Amino acid sequence: RGSDTLGAAAQKGTQSQRRLAIERLGQTSDAAHVPLLISLLDASPTLRQAALGALENLTGESIASESERPFLSATETAGRWKAWYAEQAGRSSTP
């Protein structure tokens, strides 16, 4: 599958190639890539920014309000996404 190839490209290659693959993952409708994108929140600042945008595009979720965004660092935003993901994972394992 094409999105599997994108997932692999997001993990290997030059930073530019990885960033482009991450951005493209955000344009898919394959929620199976959310865990990969969450893991990329601990990557370099460039890849983290790409993963933040991809998560928002892919999930349709907004972790911060428009008024909060200018005041949140990428690290804080990444932390909110990780908390969101943990909450989602908890919901799916609850009977």
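Whatever comes next refers back to the structure up there.
Please read all numbers here as calculations on a predicted model, not as lab measurements. (Residues numbered from 1 in each chain as written. Predicted model: local features only at pLDDT ≥ 70, side-chain atom pairs only at ≥ 80, totals over all residues. Heavy atoms only, no water.)

## Considering helix 2 (residues 15–25)
Then step 1. By the burial criterion, the buried members of helix 2 are Arg18, Ala21, Ile22 and Leu25. The buried residues of helix 2 all sit within an arc of 100° when viewed along its axis, so they share a single face. (Buried < 20%, exposed > 50% of the residue type's maximum accessible area, 1.4 Å probe, protein only. Helix = DSSP H or I, 4+ residues; strand = E, 2+ residues; numbered from the N terminus. Arc of directions from axis to C-beta.)

## Some words on the layout of surface pockets
Then step 1. The calculated volume of the largest pocket comes to roughly 170 Å³.
Then step 2. What lines the largest pocket is simply Gln49, Leu52, Glu56, Ile63, Ala64, Arg69, Leu72, Ala74, Thr77 and Trp81.
Then step 3. Every element with two or more residues in the lining of the largest pocket is listed here: helix 4 (45–59) and helix 5 (74–93). (1 Å grid on protein atoms, 1.4 Å probe; cavity = no way out; pocket = protein on both sides within 12 Å on 5 of 7 lines; lining within 4 Å. Points joined across faces, edges and corners; volume = space filled by probe spheres on them.)

## Description of the packing of aromatic side chains
Then step 1. Using the criterion set out here, one finds one aromatic pair in the structure.
Then step 2. With centroids separated by 5.2 Å and ring planes inclined at 80°, the aromatic side chains of Trp81 and Trp84 adopt a geometry described as edge-to-face. Pair noted here: Trp81 and Trp84 are both in helix 5, with a separation of three residues, about one helical turn.
Then step 3. Assessed through its relative accessible area of 1%, Trp81 is described here as buried. (Phe/Tyr/Trp six-rings, centres within 6.5 Å; stacked < 30°, edge-to-face > 60°.)

## With respect to the pattern of salt bridges
Then step 1. In the structure shown here, the tally under the stated rule is six salt bridges.
Then step 2. Note that Glu56 is salt-bridged to Arg69, the shortest N-O span being 3.1 Å. Note that Glu56 is positioned in helix 4 and Arg69 in the loop between helix 4 and helix 5, a separation of 13 residues in sequence.
Then step 3. Since its relative accessible area comes to 28%, Glu56 is described here as partly exposed.
Then step 4. Here Arg69 falls in the partly exposed class, since its relative accessible area comes to 32%.
Then step 5. For Arg69, the salt bridge goes to Glu66, with nearest N and O atoms at 3.6 Å. (Salt bridge = Lys/Arg side-chain N within 4 Å of Asp/Glu carboxyl O.)

## A short note on the nonpolar core
Then step 1. Of all hydrophobic cores here, the largest spans 22 residues; its most connected members are Ala10, Ile22, Leu37, Leu40, Leu41, Leu55 and Trp81.
Then step 2. Only helix 1 (2–11), helix 2, helix 3 (34–39), helix 4 and helix 5 provide two or more residues apiece to this core.
Then step 3. Sort the elements by how many residues they give to this core and helix 4 lands first, with seven residues.
Then step 4. Aside from chain neighbours lying at most four places away, what touches Leu55 is Val34, Leu37, Ile38, Leu41, Gly60 and Trp81. (Core = buried A, V, L, I, M, F, W, Y, C linked by side-chain atoms within 4.5 Å. Contact = heavy atoms within 4.5 Å.)

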